[in-house]
Amino acid sequence: MPNPFHSRTLMLGLMLACGLAQAAEPADPEALAARLGIARPAVIAHRGASFDAPESTAAAYIVARDLGADYLEMDLQRSKDGVLFALHDNNLQRTTDVAQKFPERKDRPANAFTMAELKTLDAGSWFNQAHPDRARPGFVGLQILTLDEIIDIAQGSSAHKPGLYIETKEPQLFPGIEHDLKKKLQDRGWLGPAGSTLAKSDLAAGQGKGQVVLQTFDKHSLELLHQEMPQVPKVLLLWLAPGSIEPASGQSFASSGEIDKAAFYARQQPRDQAEFKRWVDLAKARGAIGTGPSAALSGGGEQSYADLVQPWMNQYTHDQGLLVHVYTVDEPVDFQKVMNAGVDGIFTNRSDQLLKYFQRPAGTSVARLLEASGY
């Protein structure tokens, strides 16, 4: 006679096994993006339309919005008096006239200045000098923007309302910035109740559930962001270097003595497959819905790094139920390369070109958009 206890135990074991098998089944990235309300493939305007206008300024963000980018991307810092603002560099010298306005403080980090002081800086003229072929008189005097001002831009068009893709930049310099960000987004109504699954046309605007995506290179900040905003999609940015994904060579570019950064990184690989997988697993364990890996660009250049979007890497990431948003890609040959490898979204300085590649052209030129906005 069969033992009823044994039968029940066997049945429970089979149910658990089936449940585990179901949980381990890889998520379809298209279905995952739809559930999260994140456009796929996503057009992420890196510091705005930063090929065409000074990065992280109103001109760059307005153009990216009006072109139809899904997200306005930014690096978040905090001023001396506690205001959240967008700036990539820790130092102000590359993109402002701080050396003229505050010569004795020019080497100080941006967070050593009050927001009122930061607002006196010209964050546009450097672009005209660096890119005379794209220079415009209207760029002179552009200001550093607060997070509030970027939210205003995102909400400011009836035709298209992009989402926000926000990086906690060097968060160790800004203890508590994750909480500050949550409070600001709450105050501005960007952490409201999640809507139902969105139609494809709505997904293209980066709205609804996925209207905000949070990103960071810092695994501790990722944990804090998840604690503060568990319902908001988060991405762990991936980087190949000692202390991050360990490279096979064990050598950093700075210590290599080489001059061509792009060529150096193009040769780099993770120490082994297990090392790459460890970081993907870490991202998932700490609350991320995706990773943001670097790409090696066909033409090299300052934005070309290690190739962390190889097909097997993207497949493993998808198998863990995570999305892949690659940085920072501007040329059609590389759009094709990374899409063929299986990415789900692209950070780009050239939203117009990426939208055209995805057959979502703006219907007007960047020049006309700049002129219409007074630049």
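These numbers come from a predicted model, not from an experiment. (Residues numbered from 1 in each chain as written. Predicted model: local features only at pLDDT ≥ 70, side-chain atom pairs only at ≥ 80, totals over all residues. Heavy atoms only, no water.)

With burial as the criterion, each face of strand β8 (residues 323–326) is covered, one bearing L323 and H325 and the other bearing V324 and V326. When strand β7 (residues 290–292) meets β8, the two strands line up parallel, connected through 2 bridges. For G290, the partnering residue across the bridge sits in β8 and is L323. Regarding topology, helix α14 (residues 311–319) serves as the crossover connection from β7 to the parallel β8, and that connection is right-handed. As paired elements, β8 and strand β9 (residues 345–348) share 2 bridges and run parallel to each other. (Buried < 20%, exposed > 50% of the residue type's maximum accessible area, 1.4 Å probe, protein only. Helix = DSSP H or I, 4+ residues; strand = E, 2+ residues; numbered from the N terminus. Pairing = 2+ DSSP bridges. Right-handed = clockwise from strand over helix to strand, strands pointing away.)

The next thing to look at is the packing of helix α3 (residues 58–67) against helix α7 (residues 147–155). It is at 9 Å that the axes of α3 and α7 come closest, and there the two elements cross at 25°. Compared by their axis directions, α3 and α7 come out roughly parallel. In this structure, α3 crosses over α7, and the sense of that crossing is right-handed. The segment α3 lies against α7, with A58, Y61, I62 and R65 engaging I150, I153 and A154. A per-class count over the contact of α3 with α7 returns 6 nonpolar, no polar and 1 charged. (Axes fitted to C-alpha atoms, helices over the stretch in contact; angles between N-to-C directions. Parallel < 35°, antiparallel > 145°, perpendicular 65-115°, else oblique. Left-handed = near helix turned anticlockwise from the far one by under 90°. Contact = heavy atoms within 4.5 Å. Nonpolar A, V, L, I, M, F, W, Y, C, P; charged D, E, K, R; others polar.)

Glancing now at empty space enclosed by the protein. All told, the structure shown has 1 cavity of 30 Å³ or more when counted by the stated rule. Quantified by volume, the largest cavity comes out at close to 80 Å³. Every residue lining the largest cavity is listed: E55, S56, T57, A86, L87, H88, T95, T96, A123, W126, Q143 and I144. Partitioned by chemical class, the residues of the lining of the largest cavity number 5 nonpolar, 6 polar and 1 charged. (1 Å grid on protein atoms, 1.4 Å probe; cavity = no way out; pocket = protein on both sides within 12 Å on 5 of 7 lines; lining within 4 Å. Points joined across faces, edges and corners; volume = space filled by probe spheres on them.)

Scored by pLDDT, the protein chain has a mean of 90; 89% of the residues are at 70 or more. In this model residues 1–25 is a low-confidence stretch, pLDDT under 50, and it forms 1 contact with partners more than four residues away in sequence or in other chains. Confidence drops under a pLDDT of 50 for residues 194–206, and excluding neighbours within four residues, the segment shows 31 contacts in the predicted structure. (pLDDT = per-residue confidence, 0-100.)

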